[in-house]
Amino acid sequence: MNTHQIETELWEAADQLRANSRLTAAEYSMPVLGLIFLRHADNRYKQFLDEIERAIPAQVPAAQREALIKLEFQGKAAMYLPEEARYDYLSDIPQGKDVGKALDDAMDLIENEYEVLKGALPRGYTAFEPDLLAEILKIFNRDSLKKATGDVFGRIYEYFLNKFAQSGAQEGGEFFTPPSLVRMIVNVIEPDH
């Protein structure tokens, strides 16, 4: 699947959030961009996880293993993600559970790991219908996105910004990317420590 097809498919899925909620483009844009951020962060996490796990001796007890994995991520160009902030965990939440709360909690967990992100990640996922949000998570968890790299995510993000700006203009509003979000994206794409 090419990037244009992925962009179009993801936009249609994300636009379901707008169509099935009473939110404006400005209100649902940040949560959707947060899902893109989370998908990309999860891809980067998985990219380094095997290498890190292989470097940890097999005799290390399971209780200490996760702490060592977390420590090893400090030297990588990726973020350590607590289990409850990983995309597979979130997309496997059983139907009927509060997916919005789980996403808000995931953003809290990531911010707790990275002080520089405090207050930068989107919240408000509880404003969406849980079943619809669960479906969007599954769409964003397709194999084509699990294999996507930074360049693909950069194009998807840019595509979404453009679409949100168009939607916001049609609703008579403005679309503005907060500097904290821009800094966060830059750090996620190429963290310096």
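Preceding block: the structure.
Computed from a prediction, not measured in an experiment: that's the story for all the values here.

Relative to the helices and strands, Asn43 is located in helix α2 (residues 25–55). You can call Asn43 buried: its relative accessible area is 8%. Excluding residues within four positions of it along the chain, Asn43 makes contact with Leu145, Lys146, Lys147, Ala148 and Phe153.

It is worth spelling out the nonpolar core at this point. Among the nonpolar cores identified, the biggest contains 61 residues, and Phe37, Phe73, Leu103, Ile110, Phe140 and Phe160 are the most heavily contacted of them. If you list the elements that add at least two residues to this core, you get α1 (3–19), α2, α4 (87–91), α5 (99–113), α6 (130–139), α8 (150–170) and α9 (179–189). The element best represented in this core is α2, accounting for 12 residues. If we ignore the near neighbours within four places in the chain, the residues touching Phe73 are Tyr45, Phe48, Leu49, Ile52, Ala78, Met79 and Tyr80.

Note that Arg39 resides in helix α2. We classify Arg39 as buried; its relative accessible area is 0%. A distance of 2.4 Å separates a polar atom in the side chain of Arg39 from a polar atom in the side chain of Asn141. Excluding its chain neighbours within four sequence positions, the residues that come into contact with Arg39 are Lys46, Tyr87, Phe140, Asn141, Leu145, Lys146 and Phe153.

This part is about the pattern of salt bridges. According to the stated counting rule, one finds 10 salt bridges in the structure shown. With its nearest N and O atoms 2.7 Å apart, the salt bridge here joins Lys46 to Asp88. Taken together, the residues Lys46 in helix α2 and Asp88 in helix α4 connect sequence positions 42 residues apart. For Lys46, a relative accessible area of 33% puts it in the partly exposed group. A salt bridge links Glu113 to Lys70, with the nearest nitrogen and oxygen atoms 3.1 Å apart.

Conventions we followed
- Residues numbered from 1 in each chain as written.
- Predicted model: local features only at pLDDT ≥ 70, side-chain atom pairs only at ≥ 80, totals over all residues.
- Heavy atoms only, no water.
- Helix = DSSP H or I, 4+ residues; strand = E, 2+ residues; numbered from the N terminus.
- Buried < 20%, exposed > 50% of the residue type's maximum accessible area, 1.4 Å probe, protein only.
- Contact = heavy atoms within 4.5 Å.
- Core = buried A, V, L, I, M, F, W, Y, C linked by side-chain atoms within 4.5 Å.
- Polar contact = N/O pair within 3.5 Å; in protein donor to acceptor, adjacent residues only side chain to side chain.
- Salt bridge = Lys/Arg side-chain N within 4 Å of Asp/Glu carboxyl O.

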